[in-house]
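Here are the chains, one letter per residue:
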Amino acid sequence: MFEIVRCGFMFSIVFSKRDPAGGGIARYLAKALSCNPCDMFPECYDCGEIIIGGFEEDVLYFDFLDKLMPPEISFYIVASRHSSSAGVKSFTVHHTGNFGHEAPYGGKPRELGISHPRVALTLLRLLQKYATLFHRSEYQVGYEATHHGPTSLLKPLVFIEIGSSLEEWVDPINQMVVGEALREFAETENAKECFPVIGIGGGHYPRKHTETALTKDVCYGHIASKHVLDVLDEHMLSQMVSKSHISIRGIFVEKKSLRRDQREFIVKYASRHGLVIEYL
């Protein structure tokens, strides 16, 4: 039923040296994989089939990765902190992009990065596995909707994050949860088989899309939350579909998030482009 595509190696795990969560995850992983120090970046570990790179800049502004990374790198995973004013304890995965006409948090306005649905799903399920193993039941595991930069990279990029305050970022158990998820991913070279879709609707933490991915063989590229639907036009919807490592085959919609005119727009787009549409 599904188009099987392997992850493609080598890949890189990158982080900001300013970030206690990203740095802790990366150093845990470098030790777990018995990596060797290298001198390509401000902080660098050579792990054989992967490279771990730490940079001075904030991760929102990592648009330089294509220029600095070896050309054989096929995609990037960014280990990072996640901030939430609501104080939600979380382990999350998401893609990057700005739907609106402003880009206050990196990247360019009206531009999406390249998603990697299979890698994102695999990481999501591994986070769920290790959050359970390390007794982090109070933590929410899920996708976040597409947001912030970088947006101009020529290769796919996936964020994996600890949320949502300093207390959670520096917790060594939390760093181990994400580090072990990345270790298993790196060692098995195993991306889940799945039906690749984009998501429309839901909140910043799109619960129904996460539940769908965790219970069905469905993997998400970009997810447009209900907060960006007023700027979700043909141009941005086309980017959600085209800016994916693998061909998007469906649009999954949280129906109650959309007005009737917005639903009609999505249905017409799906019909023209031969995409499956499903309501959640």
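Residues numbered from 1 in each chain as written. Predicted model: local features only at pLDDT ≥ 70, side-chain atom pairs only at ≥ 80, totals over all residues. Heavy atoms only, no water.

## Observations regarding the overall build of the chain
Scanning the chain from N- to C-terminus turns up eight helices and 14 strands. Relative to its length of 280 residues, the chain is compact, with a C-alpha radius of gyration of 18 Å against a globular reference of 19 Å. Counting only C-alpha atoms and orienting by the principal axes, one finds that the chain spans roughly 55 × 40 × 40 Å. Considering the chain as a whole, with its 280 residues, one finds that 57% of them fall into the buried category. Taking the average place of the 30 positive charges on the side chains of the chain and the average place of its 34 negative ones, the gap between the two points comes to 7 Å. (Helix = DSSP H or I, 4+ residues; strand = E, 2+ residues; numbered from the N terminus. Rg over C-alpha atoms; globule rule 2.2 N^0.38 Å. Buried < 20%, exposed > 50% of the residue type's maximum accessible area, 1.4 Å probe, protein only. Lys, Arg positive; Asp, Glu negative; His and termini not counted. Charge placed at Lys NZ, Arg CZ, Asp CG, Glu CD.)

## Examining the packing of helix H3 (residues 117–133) against helix H5 (residues 172–188)
Where H3 contacts H5, the axes come no closer than 9 Å and their chain directions differ by 130°. On the basis of their axis angle, the class for H3 and H5 is oblique. At the point where H3 passes H5, the crossing takes the right-handed sense. Where H3 abuts H5, its residues Val119, Thr122, Leu123, Leu126, Leu127, Lys129, Tyr130 and Ala131 lie against Val177, Val178, Glu180, Ala181, Leu182, Arg183, Glu184 and Phe185. (Axes fitted to C-alpha atoms, helices over the stretch in contact; angles between N-to-C directions. Parallel < 35°, antiparallel > 145°, perpendicular 65-115°, else oblique. Left-handed = near helix turned anticlockwise from the far one by under 90°. Contact = heavy atoms within 4.5 Å.)

## Comments concerning the packing of aromatic side chains
For the structure shown, the criterion picks out 11 aromatic pairs. Ring plane angle 75° and centroid distance 5.5 Å describe the contact between Phe55 and Phe62, whose orientation is recorded as edge-to-face. Note on Phe55: relative accessible area 2%, which makes it buried. Taking 5.4 Å as the distance between ring centres and 65° as the angle between the ring planes, the aromatic pair formed by Tyr143 and Tyr220 counts as edge-to-face. With Tyr143 in strand E9 (residues 140–143) and Tyr220 in strand E12 (residues 218–224), the pair connects residues that are 77 residues apart, well separated along the chain. (Phe/Tyr/Trp six-rings, centres within 6.5 Å; stacked < 30°, edge-to-face > 60°.)

## As for unusual backbone geometry
Residues Gly149 and Pro150 are joined by a peptide bond in cis, for which omega reads 0°. Examined against the element boundaries, Pro150 turns out to sit in the loop between E9 and strand E10 (157–164). Cis peptide bonds are those with omega within 30 degrees of zero, and the linkage from Gly163 to Ser164 qualifies with 10°. Looking at where Ser164 falls in the secondary structure, it is placed in strand E10. Even without glycine at this site, His135 takes up a positive phi of about 60°. Assignment of secondary structure puts His135 in the loop between H3 and E9. The phi angle at His148 is positive, at roughly 55°, despite the residue not being glycine. When its relative accessible area of 11% is taken as the criterion, His148 is described as buried.

## What about the environment of Phe75?
Checked against the element boundaries, Phe75 lands in the loop between helix H2 (65–68) and strand E5 (76–83). For Phe75, a relative accessible area of 1% gives the class buried. As a C-alpha pair, Phe75 and Leu153 span 78 residues in sequence and 9.8 Å in three-dimensional space.

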